[in-house]
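Topology and contacts: notes
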Amino acid sequence: SSNFRVVWSSGPECSSPEAQLRKSRSRMLSALLSSTKVVHSLCDHPLRCIAASQQIDHHMWAKNGGSTAGMALNYGSVPLCRSLRDLDLTMVQLSAAGFNVGLGARRVFSLLTNRFSLDGYLCDPDRRSNFGRVGWVKPPRMQEPDHAELLAESFFTTLCVIVSDLPAPPPTASDDDSVLRRNLKRELLHALAVEPKSHSEAMSAASAAVSRRDESDGGAVGSGGASSFRAVFTEVLQSIGQQRNQGSRASSGPPMFELRPEGSHEYDPSFYHLRKTEHQHAMDNIARLRRRKLGASSKGGEGASI
């Protein structure tokens, strides 16, 4: 555990120089232990929150009521996830990277398996001798046998996000919008993969792509601020989305935008800003768009051959 307290005893009697040396050593050791505890906590506490939210999503804490489920929902859903889970994931990634202030990849992996209660499941079984008989020792069992599979799924999902979804480097110039454009495209693509959205709904979904650095600068891109963000958003929306034909009900509501079939190959089934139910809807829509794309390409090939 990361919670501990150091208690120093007076020790044997000694001369004044020896007492000063002992006091300086104790202060240095206390400072090292305190810094170690802080470095450990900067990774451990975010991991506790991530693991707890995954467990709540799998209904492992149903007795705590709906308030706990609501907190876990806000923790991992847009837009609040930008200030909650996304920052926790960044802290874990920085700690795993090391840089002389982190735990390092190996210790973070060990801590990750511990927080997901998978210490005994991700190792080879041991052969031990018991009263002269040698046999295989199985890993420890959980109180609920069904929890092992759910926790293993959450563990590997979190591990994939930590390894693959790394923070983007800062822009090289004040007018460089490549990072914002890439993040906007990813957010919009997955939002449209779930269901068609209006212009305002698409912009609300794209707000997760704006970094806290852009907000602190007073605008999303360069000196144009909000106008530049809207311009980039409009370009990205037109490149990956198309206006849906609503037929006779076109005048009953705002125009809806859906994902183009050409963008279906960029869908990521492990994108962590979508919940599991949203991924299920997205997979059905992506399969339909890929069939449409394949049919269009086959017709184009036949026409070219003729």
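The paragraphs below set out a description of the structure included in this document. (Residues numbered from 1 in each chain as written. Predicted model: local features only at pLDDT ≥ 70, side-chain atom pairs only at ≥ 80, totals over all residues. Heavy atoms only, no water.)

1. Here's the deal with the packing of helix α1 (residues 16-57) against helix α2 (residues 66-76)
Helix-helix packing: each pair is described by the crossing angle between the helix axes and the interaxial distance. Note the following rule: To define axes, lines are fitted to C-alpha atoms, for helices over the stretch in contact only, and angles between the resulting N-to-C directions are given on a 0 to 180 degree scale. Secondary structure elements are defined from DSSP: runs of H or I of at least 4 residues count as helices, runs of E of at least 2 residues count as strands, and each element is numbered from the N terminus. Angle categories: roughly parallel below 35 degrees, roughly antiparallel above 145, roughly perpendicular from 65 to 115, and oblique for all the rest. By definition, any crossing whose near helix is turned counterclockwise from its far helix by less than a right angle is left-handed, and any crossing with a clockwise turn is right-handed. A contact between two residues is defined here by any heavy atoms of the two lying within 4.5 Å. Any residue that is not Ala, Val, Leu, Ile, Met, Phe, Trp, Tyr, Cys, Pro, Asp, Glu, Lys or Arg is counted as polar, Gly included; the first ten are nonpolar and the last four charged.
Look at α1 against α2: their axes get within 9 Å of each other, and the N-to-C directions meet at 120°. On the basis of their axis angle, the class for α1 and α2 is oblique. When the axes of α1 and α2 are compared, the crossing they make is left-handed. Of α2, the residues touching α1 (which contributes P46, C49, I50, S53, I56 and D57) are T68, A69, A72 and Y75. Within the contact of α1 with α2, the residues separate by chemical class into 7 nonpolar, 2 polar and 1 charged.

2. Section: the sheet that holds strand β3 (residues 197-198)
Counted only if it meets this: We treat two strands as partners when DSSP finds at least two bridges between them.
Strand order in this open sheet of 3 strands is β3-β5-β4, and the pairing throughout is antiparallel. With one partner strand each, in any of the chains shown, β3 and β4 (241-243) form the two edges of the open sheet. Bridging between β4 and strand β5 (residues 256-259) involves 3 bridges; their strand directions are antiparallel. Among the inter-strand pairings, Q242 is bridged to a residue of β5, identified as E258. Sitting on the sheet, helix α6 (residues 178-194) is in contact with β3, β4 and β5, with an inclination near 100° to β5.

3. Structural notes on the nonpolar core
A general trend in soluble globular proteins is that nonpolar side chains are found buried together. Cut-off, in case you're wondering: Side-chain atoms within 4.5 Å are what join buried Ala, Val, Leu, Ile, Met, Phe, Trp, Tyr and Cys residues into a set we call a nonpolar core. When a residue's accessible area, from a 1.4 Å probe over protein chains only, is under 20% of the maximum for its type it is buried; when over 50% it is exposed; and in between it is partly exposed.
One finds L184, L188 and L259 to be the most contacted residues of the largest nonpolar core, which totals 24 residues. Among the elements of the structure, α6, α7 (199-206), α9 (226-240), β5 and α10 (276-305) are those that each provide at least two residues to this core. When residues in this core are grouped by element, the largest group, 7 residues, is from α6. Within the second largest apolar cluster, 19 residues are counted, among which are L47, A51, V92 and F155.

4. Regarding the pattern of salt bridges
Note the following rule: Each reported salt bridge corresponds to a side-chain nitrogen of Lys or Arg within 4 Å of a carboxyl oxygen of Asp or Glu.
For the coordinates displayed, the defined rule picks out 9 salt bridges. The shortest N-O distance in the salt bridge between K185 and E266 comes to 3.3 Å. Highlighted residues: K185 in helix α6 and E266 in the loop between β5 and α10, separated in sequence by 81 residues. Residue classification places K185 among the partly exposed positions, given a relative accessible area of 30%. The exposure class assigned to E266 is partly exposed, which follows from its relative accessible area of 34%. In this structure, the salt-bridge partner of D268 is R186, at a minimum N-O distance of 3.3 Å. Within this pair, whereas D268 is found in the loop between β5 and α10, its partner R186 is found in helix α6, the two being separated by 82 residues in sequence.

5. Quick word on unusual backbone geometry
Look at H59: it is not a glycine, yet its phi comes out positive at around 60°. Inspection of the secondary structure puts H59 in the loop between α1 and α2. Judged by its relative accessible area of 67%, H59 is exposed.

6. Details of a positive patch on the surface
Under the convention used in this document: What makes a patch is a set of residues exposed beyond 30% relative accessible area and free of salt bridges, joined within 9 Å when like-charged and within 5 Å when nonpolar (Val, Leu, Ile, Met, Phe, Trp, Tyr). Working definition of accessibility: Shrake-Rupley area with a 1.4 Å probe, residue cover restricted to the visible protein chains. Positive charges are assigned to Lys and Arg, negative charges to Asp and Glu, while His and the chain termini are left out of the count. To locate a charge, take atom NZ for lysine, CZ for arginine, CG for aspartate or CD for glutamate.
On the surface, R244, R288, R291 and R292 cluster together to form a positively charged patch. Mapped onto the fold, R292 is located in helix α10.

7. Looking at the packing of aromatic side chains
To be explicit about the condition: Here is the rule: rings of Phe, Tyr and Trp (six-membered ring for Trp) pair when centre to centre is within 6.5 Å. Planes less than 30 degrees apart are stacked, more than 60 are edge-to-face, and the remainder are tilted.
Inspection of the entire model under this criterion finds 4 aromatic pairs. A centroid spacing of 5.1 Å and a plane angle of 75° characterise the contact between F155 and F156, whose relative ring orientation is edge-to-face. Three or more aromatic residues joined by ring pairs form one cluster here, namely F109, F116, F155 and F156.

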